[in-house]
Amino acid sequence: MRREPAMMFRKLTLAVVLTAAMTGVGFPSGVAAAAPGAAVDQLYYTVAPSYQGAPENLWQIADRFLGDAGRAGEILELNSGRVQPDGGRLADPSRLAAGWQLVLPWDAVGAGLQRGPLPAKAGGSSRCGWDASAPAAALWGQTLLTPNRAWSTTDGSGVKVAVIDSGVDGAADALTGRVTAGVDIAAGSGGGDTGCEGTGTSLAGIVAGDDGENGARFGVAPGARIVPIRAGDARLSAALAATGIEVAADTGAQVVLVGIGVDAADPVLRAAISDAIARDVVVVLPASAAAEAADGLLRVGAVTADRQPADDHPVEAVDLRAPGVAVASIGRPGTGAEYAAAFVAGTVALVRSAHPELGAADVTRQVLATAVEGMVSPVAAVATSLPAVDTDPQTPEGGLATLSRVLFWIAVVLGVLTLLTLLLQRPARLLGEMITRRRAHRQALAARARISDDNDDPFWKPPNSGGPSGRGEVAELRGPVR
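Note that this is a predicted model, so its numbers are computed, not measured.

S.K.: How should the overall build of the chain be read in this particular structure?
M.R.: Helix and strand counts for the chain stand at 13 helices and 10 strands. Burial statistics for the chain: of 482 residues in total, 44% are counted as buried. Considering only contacts in the chain between residues 6 or more positions apart, those separated by 24 or more positions represent 70%. Per element, the accessible surface of the chain, about 24,400 Å² overall, is 57% carbon and sulfur.

Here it is as structure tokens:
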């Protein structure tokens, strides 16, 4: 029996709200592997003005082509954030416009489906006026790291990167089809995929951008998807940053990039970071955030084009470095540790896509172990054999640790022996005394037996009877009768 539309709407209301911020919680991981809007053959459906006399919606389309209205969320996941031919974007499963082209899961069947590249290029609707042509000199970061050499293995597909910053312009040409609706935690409502201010769009471009000419030239992981979490345009409070990280983890993001300045030493934010890592999320911060070192956390410093540190952060506050001075992205070239952190976040997305079996802590160890002279290396992080770099961080102390364990067990054995000696001392003494007494008794019995058997001893000789009756001897012994 088919579900009633009202019931289906109530069931998916929460999914719609979360999808605005999450885009895909609970959906199969394989669904997100296809990059929406990519110029490849795929199944898609062009929304009609009506179907059977009523406007179309995702539940009805899912029921018709997938046989299950409950799979509407999969269609939403595949198309959320992608700009449609009329400039609109899918955010509400109940609101579709005629002419929109919806990518459908691979197992969709039915009349009206088409296969092939999407006929219309989605994009070009941004009102921010981004400068699409980056100066050649500003591309030095991408040229130095050469992330494109890793794309034959992976381009970051299937990985979500949450960007906690000023919001991301999802309509920018270089990010078409890569940005979900996100959430605006600064305002308390709405999405995070609009707005032209701040650095969020530029950071997202370094993570997953495509310049539209040579293909994915800006982004380290062009197949990844961006979950924009707008937290404001200035320095971020610890409480708001903690909320952003929590929301990012709830969206299913595997990587969180905090771009806005924040004090990561605050206990509230430290707790949020620890919780995210425990939920298998890699957190990437600019070194200026002053966070404490932890597996699953990467603190990034910036370098100049001649590979020199661009800041004076203490060595112990920086895990690795990346290009961060006058680097190219969407809009004008940018400078700062947050840009360097974006390069690292893109690298983490590549590793998580290529090695989904690795947990957050192992991913960070992989990235750190493959760094070249302290600088992130996307190619090495993806291509290096895992057993060679996935080592126990206590390995340098292995010999000392082994000796300590041996000495410990020797001490335990000696302690047990000493305790047993003390406990058994009195029983042993009593047993010895008893054995000695029994030995003496046996010796006495043996001596008596030998004496009793000696007939030559006159003392033990029986008295002479003096005759058959024995009376004479008795009388002699008794003496004369008076």
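S.K.: Where do I start with the pattern of salt bridges in this structure?
M.R.: Following the criterion strictly, the structure yields 13 salt bridges and no others. Between Glu56 and Arg64 there is a salt bridge; the shortest N-O distance is 2.4 Å. Under the relative-accessibility criterion, Glu56 is labelled buried at 4%. In this structure, Asp280 and Arg352 form a salt bridge, with 3.0 Å as the shortest nitrogen-oxygen distance. In this pair, Asp280 sits in the loop between α7 (267–278) and β8 (282–286) while Arg352 sits in helix α8 (residues 337–354), placing the two residues 72 residues apart along the sequence. Among the residues examined, Arg352 registers a relative accessible area of 7% and is labelled buried. Where salt bridges share partners, they join Arg71, Glu74 and Asp107 into one cluster.

S.K.: Would you mind going over the packing of helix α5 (residues 200–208) against α8 with me for this structure?
M.R.: Each pair of packed helices can be described by the angle between their axes along with the distance between the axes. One can describe the packing of α5 onto α8 by two numbers: an axis separation of 8 Å at closest approach and a directional angle of 35 degrees. Between α5 and α8 lies a crossing of right-handed hand. Residues Ser202, Leu203, Ile206 and Val207 of α5 lie in contact with α8, whose contacting residues are Glu338, Tyr339, Ala342, Phe343, Ala345 and Gly346. Partitioned by chemical class, the residues of the contact of α5 with α8 number seven nonpolar, two polar and one charged.

S.K.: Would you mind going over the side chain of Ser202 with me for this structure?
M.R.: Secondary-structure assignment places Ser202 in helix α5. Given the relative accessible area of 7%, Ser202 is considered buried. The contact partners of Ser202, leaving out residues within four places of it in the chain, are Ser329, Ile330 and Tyr339.

S.K.: Would you mind going over the sheet that holds strand β2 (residues 101–103) with me for this structure?
M.R.: Hydrogen bonds between backbone groups are what pair the strands of a sheet, and the pairing can be parallel or antiparallel. One open sheet accounts for three strands, arranged β2-β1-β3; its pairing is antiparallel. In this open sheet, the two edge strands, each paired with only one partner strand, are β2 and β3 (113–116). Recorded for the sheet is a direction-independent mean angle of 40 degrees between the axes of neighbouring strands. The pairing of strand β1 (residues 42–46) with β2 spans three bridges and is antiparallel.

S.K.: Hey, could you run me through the environment of Leu358 in this one?
M.R.: Mapped onto the secondary structure, Leu358 falls in the loop between α8 and α9 (360–369). Separated by 78 residues in sequence, Leu358 and Asp280 have C-alpha atoms that sit 9.3 Å apart. Apart from the residues within four sequence positions on either side, Leu358 is in contact with Asp280, Val351, Arg352, Val363 and Leu386.

S.K.: Would you mind showing me how to read the packing of helix α2 (residues 58–66) against helix α3 (residues 72–79) here?
M.R.: At a minimum axis separation of 8 Å, α2 and α3 run at an interaxial angle of 105 degrees. Relative to α3, the element α2 is oriented roughly perpendicular. When α2 is examined against α3, the residues Leu58, Trp59, Ile61, Ala62 and Leu66 are found in contact with a partner set consisting of Ala72, Ile75 and Leu76. Per-class residue counts for the contact of α2 with α3 are eight nonpolar, no polar and no charged.

S.K.: Where do I start with unusual backbone geometry in this structure?
M.R.: A negative phi angle characterises most non-glycine residues, just as the trans form characterises most peptide bonds. Located in the positive-phi region is Ala290, a residue other than glycine, with phi close to 60 degrees. Locating Ala290 in the fold gives a position in the loop between β8 and β9 (297–303). You will see that Arg307, though not glycine, has its phi angle at about 70 degrees, which is positive. By the secondary structure assignment, Arg307 is in the loop between β9 and β10 (320–323).

S.K.: Before we go on, may I ask you to explain helix α6 (residues 238–250) in this structure?
M.R.: An α-helix turns once every 3.6 residues. As a result, residues three or four positions apart point the same way. End to end, α6 covers 18 Å across 13 residues, agreeing with the expected 18 Å (1.5 Å per residue, within 8%). The set of residues buried in α6 consists of Ala238, Ala241, Ala242, Gly244, Ile245, Ala248 and Ala249. One face of α6 carries all of its buried residues, which in axial projection span an arc of 160 degrees. Buried residues belonging to α6 abut β4 (160–165), β6 (225–230), β7 (255–258) and α7. Where α6 terminates, the next one or two residues include Gly252, which has phi positive at roughly 90 degrees.

S.K.: How should the sheet that holds β8 be read in this particular structure?
M.R.: Here we have seven strands laid out as an open sheet, ordered β5-β6-β4-β7-β8-β9-β10, and parallel in their pairing. For this open sheet the edge positions go to β5 (183–184) and β10, each flanked by a neighbour on one side alone. Bridging between β7 and β8 involves three bridges; their strand directions are parallel. Bridge assignment links Val255 to a residue of β8, and that residue is Val282. The strands that α5 touches are β4, β6 and β7; relative to β4, the one it contacts most, it runs at about 160 degrees.

S.K.: Is there a simple way to think about the confidence of the model for the chain in this case?
M.R.: Where the model shows low pLDDT, its predicted coordinates should not be examined in detail. With 77% of its residues at a pLDDT of 70 or more, the chain shows a mean pLDDT of 79. Long-range and interchain partners of residues 388–398, a stretch whose pLDDT sits below 50, account for seven contacts in this model, where long-range means more than four residues apart. A low-confidence stretch, residues 469–479 stays under pLDDT 50, and its non-local contacts, those more than four residues away or across chains, total seven contacts.

Conventions adopted
- Residues numbered from 1 in each chain as written.
- Predicted model: local features only at pLDDT ≥ 70, side-chain atom pairs only at ≥ 80, totals over all residues.
- Heavy atoms only, no water.
- Helix = DSSP H or I, 4+ residues; strand = E, 2+ residues; numbered from the N terminus.
- Buried < 20%, exposed > 50% of the residue type's maximum accessible area, 1.4 Å probe, protein only.
- Contact = heavy atoms within 4.5 Å.
- Areas by Shrake-Rupley, 256 points an atom, 1.4 Å probe, with all protein chains shown as cover.
- Salt bridge = Lys/Arg side-chain N within 4 Å of Asp/Glu carboxyl O.
- Axes fitted to C-alpha atoms, helices over the stretch in contact; angles between N-to-C directions.
- Left-handed = near helix turned anticlockwise from the far one by under 90°.
- Nonpolar A, V, L, I, M, F, W, Y, C, P; charged D, E, K, R; others polar.
- Pairing = 2+ DSSP bridges.
- Parallel < 35°, antiparallel > 145°, perpendicular 65-115°, else oblique.
- Expected span 1.5 Å × (residues − 1).
- Arc of directions from axis to C-beta.
- pLDDT = per-residue confidence, 0-100.

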